[in-house]
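Structural features, examined
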Amino acid sequence: EQALVILVEFVEPPFSFVLFNFFVMYFMLMIFNMLGYILYQYHEELGFSIDVEAHEHEDTAKHEVVTVSPELRAIEILIQEGKTDEAVKQLENHVVNNPMDLEARDRLLKLLRLNGDMPRHKKHGQNYISYLFHENKATQAARVYQSCVEYDRTFRPAKAQERVELAKFLRQNGKHKLALAILNNLHVDFPTYDGVPEAYLIVAQLLCEQFNEDTRAGQVLEFILKNYPNHSLNQEVRKYLEIVNNISRS
């Protein structure tokens, strides 16, 4: 109303009404645009869905081609019918013939967990990790190890070197408890493995630096020096033992 009074004062009445209507329409368009932007930006918080996004997802879905082999499709049907034992057998055969099919390997491990078949789960989990190491896929190997050990606390990779390399990777990525677990009793499982001192030095460093267990760290270091007196790492082990002892005394 105030805008109309001002316009009438300075503009002839016929033109003032035209200008007034123009300003009202312009103002309304600006308001609607601002509301539209706010709704778009905060639609999830406000509980609205955006049709444009839905169309984008539909278009994307049209261009995505999901190829599922007849073997895997048949296995899915068996699982849906509750024939999990037969599905496991067929998945095992599929993995043997298609070792690069990581999705099939993941499905096999999940199905074995569902069946509670721990021995076969261990066997296929170890084979999976060995394959990933052979393909230089440490990230995937660590993921598989973590999922396997969450199901079976006693699970460990089959080879000593795999356990050490995985421990290093887990340590670098902040998975300190998993790194310790994977090296536990390495000397018992692989009594002739010459990499035990290196592995147990990592254990001592983790105990001291991450868990403040200086006493246990010192015991591990003394174990190395006692049982591997001629190992090339012994000088480094002695230096670290001195550091641990100094920390303990302070």
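Reading guide: rules and limits
- Every chain begins its residue count from 1, and numbering advances along the sequence as written.
- Given that the model is predicted, a residue must reach a pLDDT of at least 70 before its local features are reported, and side-chain atom pairs must reach 80 or more before they are shown or counted; all residues, however, enter totals for whole chains, interfaces and linings.
- The basis for every side-chain value is the complete set of heavy atoms in the structure, and neither hydrogens nor water enter the calculation.
- Numbering goes from the N terminus for both helices and strands, where a helix is a DSSP run of H or I of at least four residues and a strand is a run of E of at least two.
- Multiplying one less than the number of residues by 1.5 Å gives the expected span of a helix.
- Relative accessibility decides the category of a residue: with a 1.4 Å probe and only protein chains considered, values under 20% of the type maximum give buried, values over 50% give exposed, and everything between is partly exposed.
- Note: the arc covers the axis-to-C-beta directions of the helix.
- In what follows, residue pairs with any heavy atoms lying within 4.5 Å of each other are defined as contacts.
- Here a cavity denotes a set of grid points, spaced 1 Å apart and computed over the protein atoms alone, in which a 1.4 Å probe fits but from which it cannot get out, and a pocket denotes an open set meeting protein on both sides within 12 Å along at least five of seven lines; residues with an atom within 4 Å of a point are reported as lining.
- Grid points are joined across faces, edges and corners, and a volume is the space filled by probe spheres set on the points.
- Residue type decides the class: Asp, Glu, Lys and Arg count as charged, Ala, Val, Leu, Ile, Met, Phe, Trp, Tyr, Cys and Pro as nonpolar, and the leftover types, Gly among them, as polar.

1. Examining helix α9 (residues 138–151)
- Under the 1.5 Å per step criterion, the end-to-end length of α9 is 20 Å for 14 residues, consistent within 8% with the ideal 20 Å.
- Of the residues making up α9, those classed as buried are Ala141, Ala142, Val144, Tyr145, Cys148 and Val149. Taken end-on, α9 shows its buried residues confined to a sector of 165°, consistent with a single buried face. For α9, the exposed residues lying more than 90 degrees away from the buried face are Thr139 and Glu150.
- Buried-residue contacts for α9 involve α7 (102–115), α8 (118–134), α10 (160–172) and α11 (176–183).

2. Some details on the layout of surface pockets
- Estimates place the volume of the largest pocket at around 250 Å³.
- The wall of the largest pocket is formed by Leu180, Leu183, Asn184, Asn185, His187, Tyr200, Val203, Leu207, Arg216, Val220 and Phe223.
- Sorting the residues of the lining of the largest pocket by element identifies α11, α13 (196–209) and α14 (214–227) as the ones contributing at least two each.
- For the lining of the largest pocket, the per-class residue count stands at seven nonpolar, three polar and one charged.
- Estimated volume of the second largest pocket: approximately 150 Å³.
- Surrounding the second largest pocket, Glu92, Val95, Val96, Arg105, Leu108, Leu109, Lys123, His124, Asn127 and Tyr128 form its lining.
- Secondary-structure elements contributing two or more residues to the lining of the second largest pocket are α6 (84–97), α7 and α8.
- The element that contributes the greatest number of residues to the lining of the second largest pocket is α8, accounting for four residues.
- A per-class count over the lining of the second largest pocket returns five nonpolar, two polar and three charged.

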